[in-house]
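Fold and contact review
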Amino acid sequence: MKHILEFEKPIYHLREKINELRKISMESNINLQEEIKTLEKRLARLEKDIYSNLTPWNRVQIARHQERPTTLDYIHLLIDDFVEFHGDRYYGDDGAIVAGVGFYHNNPVTVIGHQRGKNTKENIARNFGMPHPEGYRKAIRHMKLSEKFRRPIITFIDTKGAEPGKEAEERGQSEAIAYNLKEMSGLKVPIISIVIGEGGSGGALALGIGDHIHMLENATYSVISPEGAASILWKDASLAEKAAESMRITAQDLKELGIIDEIIPEPLGGAHRNVEEQAKNIDQVLVKSLLHFANFTPEQLLEQRWEKYKNIGKYLEL
């Protein structure tokens, strides 16, 4: 059975009624087409009404949907001849980060992204998409190789945050993230970052220093999870919905704040409803971004990147 979110239940209950009427009509030879058409029209209106009025917390739930497409799903649909590489050459391989090379519209690119699972077994193998230091070191190793061979970099962001455990800290989690931020800031090739699910804290930002940053319509991007914010502000993680309302973590908010460049539309109900359509929507935006930077010199690229991040937020000169 598909995973149904709480706010989607009226839609699925009405859909079940329609299926039940179809079954009765077939089994009893009773013509119920008029009743079915009426309910189908009501279903279309209900879907449009619900999905056009999503709250920030609703979008958090969609971003976390267990069937939501992952980095590897998009690589399969967008990148030809993708070859994945493993290991950071210091400690080991991290399944929470996918890194490799392939061809995008016949042009060589490096693709790096967070990778979570869609079931318990996959999530354990991928550490629920929360990278250890070796994951970030693997990522930056391939980014620097990409710079050497003049390949654009595409990153897919989808993590609750970096692994916060004792072993990750012992192996230098904060240093690994900080090093990525520093090195990405100076890379002399275009970096296009796309938030496809959750973009949580420094664990997301470590792949997110992009020349263009795009977000899927129902993705989120924030310094902390709503549960974490609620725990700090009100000592109660159950107030996550309240926190989500005030944190401005949706694509719509971040576009307004100038943090992201473009919102990528999703199929009605979320990316998991039609992965192929979602990949096409990403493709349209990705093509434009890569074409935009195609003729930039390394100096121009670094200058515009500096201007981009300098203009986020406001500051006072003393």
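All of these numbers come straight from a predicted model, not from anything done at the bench. Residue positions are counted from 1 within each chain, in the order its sequence is given. In keeping with the model being predicted, local features are shown solely for residues with a pLDDT of at least 70 and side-chain atom pairs are shown and tallied solely at 80 or more, while totals for entire chains, interfaces and linings include all residues. With hydrogens and water excluded, all non-hydrogen atoms of the structure serve as input to the side-chain values.

Here, nonpolar core refers to any group of buried Ala, Val, Leu, Ile, Met, Phe, Trp, Tyr and Cys residues whose side-chain atoms link them within 4.5 Å. Three labels apply to residues, based on accessible area from a 1.4 Å probe with only protein chains included: buried if under 20% of the type maximum, exposed if over 50%, partly exposed otherwise in between. In terms of nonpolar packing, the biggest core is built from 46 residues, with Tyr74, Met143, Phe156, Ile194, Met215 and Leu216 touching the most fellow members. By the criteria applied, helices consist of DSSP H or I runs no shorter than four residues and strands consist of E runs no shorter than two, each listed in order from the N terminus. The element contributing the most residues to this core is helix H13 (residues 275-293), with 6 residues. Pairs of residues are marked as contacts when any of their non-hydrogen atoms sit within 4.5 Å. Excluding anything up to four places from it in sequence, Met215 contacts Val195, Thr220, Tyr221, Ile249, Thr250, Ala251, Leu254, Ile260, Glu262, Ile263 and Ile264. Counting residues in each nonpolar core, the second largest holds 14 residues, with Ile18, Leu32, Ile50 and Tyr51 among its members.

Take Glu47: it is sitting in helix H2 (residues 33-51). Judged by relative accessible area, Glu47 falls into the buried class, the value being 10%.

Since there are 3.6 residues in each turn of an α-helix, residues three or four apart along the chain are aligned in direction. For helix H8 (residues 173-185), which comprises 13 residues, the first-to-last C-alpha distance of 19 Å matches the rise-based estimate of 18 Å (1.5 Å per residue) to within 8%. Where H8 is concerned, the buried positions are Gln173, Ala176, Ile177, Asn180, Glu183 and Met184. Down the axis of H8, the smallest arc covering the buried residues is 135°, so these residues share one side. Looking at H8, the residues exposed on the side facing more than 90 degrees away from the buried face are Ser174 and Lys182. Expected helix span is given by 1.5 Å per residue-to-residue step, counting one fewer step than there are residues. This arc is taken over the directions from the axis of the helix to the C-beta atoms.

Stacked, tilted and edge-to-face are the three classes applied to pairs of Phe, Tyr and Trp rings, where Trp contributes its six-membered ring and a pair requires centres within 6.5 Å; stacked means planes under 30 degrees apart, edge-to-face means over 60, and tilted covers the rest. Within the structure shown, the criterion is met by 3 aromatic pairs. An angle of 25° between the planes, with centres 6.0 Å apart, marks the rings of Tyr74 and Phe156 as stacked. Residue Tyr74 is found in helix H4 (residues 71-78), and its partner Phe156 is found in strand S4 (residues 153-159); the two are separated by 82 residues along the sequence. Note on Tyr74: relative accessible area 0%, which makes it buried. The class for Phe156 is buried, based on a relative accessible area of 2%. Where Phe293 meets Phe296, the ring centres are 5.2 Å apart and the plane angle is 70°; that geometry is what we call edge-to-face. Residue classification places Phe296 among the partly exposed positions, given a relative accessible area of 28%. Lysine NZ or arginine CZ positioned within 6 Å of the ring centre and within 35 degrees of the ring normal marks a charge as sitting over the ring. The positively charged end of Arg15 is found above the aromatic ring belonging to Tyr12, 5.2 Å away from the centroid. Looking at Arg171, its charged tip hangs above the ring of Tyr91, at a distance of 4.2 Å from the centre.

This part takes up H13. For H13, built from 19 residues, the straight-helix expectation of 27 Å at 1.5 Å per residue is met to within 8% by its first-to-last C-alpha distance of 27 Å. Listing the buried residues of H13 in full gives Gln278, Ala279, Asn281, Ile282, Asp283, Val285, Leu286, Ser289, Leu290 and Phe293.

Attention now moves to the packing of helix H3 (residues 56-63) against helix H11 (residues 240-247). When two helices pack together, their arrangement is captured by the angle between the axes and the distance separating the axes. Viewed as axis vectors pointing N to C, H3 and H11 meet at an angle of 105°, and their least axial separation amounts to 8 Å. The angle between H3 and H11 places the two elements in the roughly perpendicular class. Of the residues in H11, those in contact with Pro56, Trp57 and Val60 of H3 are Ala240, Glu241, Ala244 and Glu245. Three categories are distinguished: nonpolar for Ala, Val, Leu, Ile, Met, Phe, Trp, Tyr, Cys and Pro, charged for Asp, Glu, Lys and Arg, and polar for the others, with Gly belonging to the last. When its residues are assigned to classes, the contact of H3 with H11 shows 5 nonpolar, no polar and 2 charged. Orientation is described by lines fitted to C-alpha atoms, with helices fitted over the stretch in contact, and by angles between N-to-C directions that extend from 0 to 180 degrees. Working definition: roughly parallel below 35 degrees, roughly antiparallel above 145 degrees, roughly perpendicular at 65 to 115 degrees, and oblique for all remaining angles.

Turning our attention to the pattern of salt bridges. The term salt bridge refers to a side-chain nitrogen of Lys or Arg lying within 4 Å of a carboxyl oxygen of Asp or Glu. Within the structure shown, the criterion is met by 23 salt bridges. A salt bridge links Glu198 to Arg64; the shortest N-O distance between them is 2.9 Å. With a gap of 134 residues between them, Glu198 in strand S5 (residues 191-200) and Arg64 in the loop between H3 and H4 connect regions that are remote in the sequence. For Asp211, the salt bridge is made with Arg305, and the minimal N-O distance between the two is 2.7 Å. Within this pair, whereas Asp211 is found in the loop between helix H9 (201-205) and strand S6 (212-216), its partner Arg305 is found in helix H14 (residues 298-310), the two being separated by 94 residues in sequence. An identical accessibility class is assigned to Asp211 and Arg305; each is buried. Among the charged side chains, a network of salt bridges with common partners joins Arg64, Lys160, Glu198 and Glu227.

Function-wise, these values are silent; they only describe arrangement.
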